[in-house]
Amino acid sequence: MTDFDPGAVRAFRFLDCRFDPATGEAGLDYAFDDGPVMTEVLRFPGAPFDLDDERAGAVQRALRLLHLLAGVSYYKAAVPPDIRIEAYGIDDDTAALLTSVYENGLGEFAYRNGISLRGKIHFPVGASGLKSLPQETSAPVGGTSVPMLSKPPPKALVAIGGGKDSLVSIEALRAAGVDQTVAWVGGSPLIAACAARTGLPTLNIGRSLSPLLFELNRRGALNGHIPVTAVNSAILAVAALLTGHDQVVFSNERSASYGSLIPGTGEVNHQWSKGWDFERDFAAHLRSHVAADLHYYSLLRPFSELAVARQFARIDRYDAHFSSCNRNFHLLGERPAQRWCGVCPKCHFVFLALAPFMPKPRLMGIFGRNLLDEPEQAAGFDALMEYRDHKPFECVGEGRESRAAMELLAGSPAWREDALVRRYAREIRPQLEPSERGLASLLEPSDDHGIPDTVWERLRANFGA
Ligand SMILES: CC(=O)N[C@H]1[C@@H](OP(=O)(O)OP(=O)(O)OC[C@H]2O[C@@H](n3ccc(=O)[nH]c3=O)[C@H](O)[C@@H]2O)O[C@H](CO)[C@@H](O)[C@@H]1O[C@H](C)C(=O)N[C@@H](C)C(=O)N[C@@H](CCC(=O)O)C(=O)O
Ligand SMILES: Nc1ncnc2c1ncn2[C@@H]1O[C@H](COP(=O)(O)OP(=O)(O)OP(=O)(O)O)[C@@H](O)[C@H]1O
């Protein structure tokens, strides 16, 4: 097998994308220079789809947006200087959205690979070079308006990820009387089990990355994290249009907007596409460029991780089914035998965030052990508190949330004798100002969110203390 030299690649090419309503299968094609075509395949259940012209146009526009966003998995393998879009044109707004997603969403990738992408990513604006498309299906140039679709009754397509956050949203929407379908991308049995446990209608979208990407990885391609929530969001937007849902709902909390502070580098956010900047811009783009009445929002945006954990602790229906441990979700290789590995940052954080709000035997039943009484795990919890380390590159809450949770446990008879809680009280707490370990402000909802008024009014009371 010959080596792949990312530095020798000149161009990343967005070739074309297509959707077959008879089978529900979509194909997204990409290539480097004159290399082989890399095709990502999506399978949308429910075919055959009988779409009127307006809806078919919206699906086509959403598919192109997906093509452009999903390209990030392939582009990152070489990050060449030139980007070409060959089958259709894009306008300035679309180029700006893409530049933001690629620059920020690949922030961790760039940092870990020791490269800088700022100012180096240029999406070409204007008509495509190779193939013209019928007017009614071409992306609007210059931000012209897109039509409203003839509306079915309001219905939410809710992303489910197998962890606590989406389950909190699903139960909150159920309590608010919102009609919903739970949807997920990929073949995770754990997510399927959680989805079944909701008792709600489900939609599982198949996704296969091009095997050529994995081959390039083996041959020396650049590799690292990509903004997967942006890709999943675009996939669910296509699915919503195909299946008559007018809302796409994610469960990204306020804390996701804050990254890790790296000395000498600044803020690097592993979960950038879960943050408010992405949500706001993507939602606006869907309305202006895909379908004027397709709503995209995160139901948990006003809340901190601790507020969400407190809400999750009020529900015990999923204790034997859910997991937030990302080791369950690898595409390649083995998945762990146990739902919680117990040693990764997400296991550490979720254990710490739930502990103040859940009876101890219940939490130990979920994890099968007490992570806060394992002295060898001290470094992991220190990083969460931003003590002697930066916040890990993972989907974990802010440092002040971890400190506030530990502070509560230090005052709790059930937890204060555990090794890592004792260590916090003895060693870390004396170095903190009260404002660095307080809880109250963290439980207040914030105003930055895109939740429709009617839904928000019904939800707010549900999340109270
Ligand atoms: C499961 C996981 O955490 N995977 C991350 C891991 O990848 P790894 O190589 O160990 O295994 P695979 O997931 O099987 O991936 C194989 C290769 O494929 C690439 N790839 C995967 C999905 C995709 O959409 N595009 C891809 O190009 C991947 O890079 C591998 O080369 O380490 C990778 C490098 O750091 C991560 O990129 C993998 O993360 C997945 C994309 C993933 O789905 N992760 C979510 C669990 C996750 O981290 N969610 C974030 C949200 C971040 C956001 O901004 O959206 C979160 O929960 O905070
Ligand atoms: N495979 C997937 N398909 C569709 N959406 C997903 C998938 N995995 C995660 N998501 C969604 O992406 C968002 C971020 O995922 P995240 O892992 O933070 O949430 P979670 O699994 O619900 O909770 P937790 O934070 O406890 O893991 C959530 O809205 C989640 O529903």
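Residue numbers restart at each chain and count upward from 1, following the sequence in its written direction. Chains and ligands are labelled sequentially in the order written, the chains with letters from A and the ligands with numbers from 1. With pLDDT at 70 or above as the cut-off, local features in this predicted model cover only qualifying residues; side-chain atom pairs require 80 or more to be listed or tallied, and sums for whole chains, interfaces and linings still use all residues. No hydrogens and no water enter the side-chain calculation; it runs on all heavy atoms of the structure.

- Per an unreviewed UniProt entry, the protein chain goes by UDP-N-acetyl-alpha-D-muramoyl-L-alanyl-L-glutamate epimerase and derives from Arenimonas donghaensis DSM 18148 = HO3-R19.
- The UniProt entry for the protein chain carries the following comment under Pathway (unreviewed entry): "Cell wall biogenesis; peptidoglycan biosynthesis."
- UniProt positions are given in the numbering used here, feature names are shortened, and annotations may be inferred rather than shown by experiment. The Catalytic activity (unreviewed entry) comment attached to the protein chain in UniProt states, word for word, "UDP-N-acetyl-alpha-D-muramoyl-L-alanyl-L-glutamate + ATP + H2O = UDP-N-acetyl-alpha-D-muramoyl-L-alanyl-D-glutamate + AMP + diphosphate + H(+)".

**Considering the packing of helix α5 (residues 164–175) against helix α10 (residues 305–313)**
- For the pair α5 and α10, interaxial distance at closest approach is 9 Å and the crossing angle is 65°. Between α5 and α10 lies a crossing whose hand is left-handed. Along its contact with α5, which presents Lys164, Asp165, Leu167 and Val168, the element α10 presents Glu305, Val308, Gln311 and Phe312.
- For the contact of α5 with α10, the class distribution of residues is 4 nonpolar, 1 polar and 3 charged. Every axis in this analysis is a line fitted to C-alpha atoms, fitted for helices over the stretch in contact. Angles between the N-to-C directions lie between 0 and 180 degrees. Runs of E in the DSSP output that reach at least two residues are strands. Runs of H or I that reach at least four are helices, and both are numbered from the N terminus. Crossing handedness: left-handed means the near helix sits turned counterclockwise from the far one by under a right angle, and right-handed means the same turn made clockwise. By definition in these notes, contact holds between two residues if any of their heavy atoms fall within 4.5 Å. Residues are grouped as follows: nonpolar covers Ala, Val, Leu, Ile, Met, Phe, Trp, Tyr, Cys and Pro; charged covers Asp, Glu, Lys and Arg; every other residue, Gly included, is treated as polar.

**So, the domain arrangement of the protein chain**
- Taken as a whole, the protein chain is organised into domain 1 (6–133 + 152–298) and domain 2 (338–443).
- Annotation comment: domain bounds sourced from an automatic or database domain assignment. Averaged C-alpha coordinates put domain 1 and domain 2 at centres separated by 33 Å.
- Here's the idea: put two parts together, see how much 1.4 Å probe accessible area each one loses, and the total over both is what we call buried area. Summing both partners gives a buried area of about 1,200 Å² for domain 1 against domain 2, and 58% of it is carried by carbon and sulfur.
- By salt bridge we mean one thing: a side-chain nitrogen of Lys or Arg within 4 Å of a carboxyl oxygen of Asp or Glu. At the junction of domain 1 and domain 2, the tally comes to 0 salt bridges.
- Here a polar contact means two N or O atoms within 3.5 Å. Within protein one must be a hydrogen donor candidate and the other an acceptor candidate, and residues neighboring in sequence count only if both atoms are side-chain atoms. At the boundary of domain 1 and domain 2, one finds 3 residue pairs in polar contact (both at pLDDT 80 or more).
- Taken together, the elements giving at least two residues each to the side of domain 1 that touches domain 2 come down to α4 (107–113) and β9 (260–262).
- For the side of domain 1 that touches domain 2, a count of residues per class yields 6 nonpolar, 5 polar and 5 charged.

**Overview of the sheet that holds strand β7 (residues 202–208)**
- Ordered in space as β4-β1-β2-β3-β7-β6-β5-β8-β11, the 9 strands form an open sheet in which the pairing is mixed. Of all strands in the sheet, those with a lone pairing partner are β4 (82–85) and β11 (295–298), marking the two edges. In this sheet, neighbouring strand axes are inclined to one another by 20° on average, regardless of whether the strands run parallel or antiparallel.
- Along the sheet, helix α6 (residues 189–198) contacts β6 (180–185) and β7; its crossing angle with β6, the most-contacted strand, is approximately 175°. Being paired, for any two strands, means DSSP has found at least two bridges between them.

**Some details on the site of ligand 1**
- Around ligand 1 sit 25 residues in total, of which Ser73, Thr229, Ser273, Leu331 and Cys395 are the nearest.
- In the environment of ligand 1, an oxygen atom lies 3.4 Å from a nitrogen or oxygen atom belonging to the backbone of Gly224.
- Residue burial considers only the protein chains on display, and all accessible areas are found by Shrake-Rupley using a 1.4 Å probe. Relative to its unbound accessible surface of 960 Å², ligand 1 loses 82% to contact with the protein.
- Residue assignment for the shell around ligand 1 shows that the elements contributing at least two residues are α7 (211–218) and α8 (228–243). Whether a residue is near a molecule or strand is decided by its heavy atoms; if any one of them lies within 4 Å of it, the residue is near.

**A closer look at the confidence of the model for the protein chain**
- Confidence scores per residue from the predictor, reported as pLDDT, run from 0 to 100. Summing up the model confidence of the protein chain, the mean pLDDT is 91 and the portion of residues at 70 or higher is 94%.
- Segment residues 129–144 is flagged for pLDDT under 50; beyond a separation of four residues in sequence, or across chains, it makes 25 contacts in the model.
- Across the predicted assembly, pTM comes out at 0.94 and ipTM at 0.97.

**Some thoughts on the nonpolar core**
- Among buried residues, those of type Ala, Val, Leu, Ile, Met, Phe, Trp, Tyr and Cys that are joined through side-chain atoms within 4.5 Å constitute a nonpolar core. The cut-offs for exposure are 20% and 50% of the maximum accessible area for each residue type, with area from a 1.4 Å probe on protein chains only; residues under the lower value are buried, those over the upper are exposed, and the others partly exposed. Counting residues in hydrophobic clusters, the biggest one holds 80 residues, and the most contacted among them are Phe44, Leu66 and Phe123.
- In terms of residue count, α8 provides more of this core than any other element does, 11 residues in total.
- Each residue touching Phe123, except ones within four places of it in the same chain, is listed here: Phe14, Ile83, Ile85, Ile90, Ala95, Leu98, Thr99 and Tyr102.
- Counting 73 residues, the second largest nonpolar core, distinct from the first, contains Ala195, Ile366, Tyr424 and Phe463.

**With respect to the site of ligand 2**
- Lining the immediate environment of ligand 2, one finds 19 residues, of which Ser166, Ser251, Lys274, Ser324 and Lys346 sit closest.
- Ser324 places a polar side-chain atom, nitrogen or oxygen, 2.6 Å from an oxygen atom of ligand 2.
- In isolation ligand 2 has 590 Å² of accessible area, and contact with the protein removes 91% of it.
- Only α5 and β6 provide two or more residues apiece to the shell around ligand 2.
- Take the shell around ligand 2: its biggest share by element is 3 residues, from α5.

**Digging into α8**
- Here α8 spans 22 Å end to end across 16 residues, near enough to the 22 Å set by a 1.5 Å rise per residue.
- The element α8 is extensively covered by neighbouring structure, given that 14 of its 16 residues are classed as buried.
- Just downstream of α8, Gly244 is the residue with a positive phi angle, here 75°. A helix is expected to span 1.5 Å for every residue after the first.

**What about the pairing of strand β3 (residues 38–43)?**
- Strand direction decides the pairing type here: strand β2 (residues 25–32) and β3, joined by 6 bridges, are antiparallel. From the neighbouring strand, Asp29 faces β3, where its bridge partner is Thr39.
- Taking the residues that link successive antiparallel strands as the turn, the β2-β3 hairpin has 5 residues, and the phi of Asp33 there is positive, at about 45°.
- With 3 bridges joining them, β3 and β7 adopt antiparallel strand pairing. Residue pairing for β7: Val41 is matched across the bridge by Ser208.

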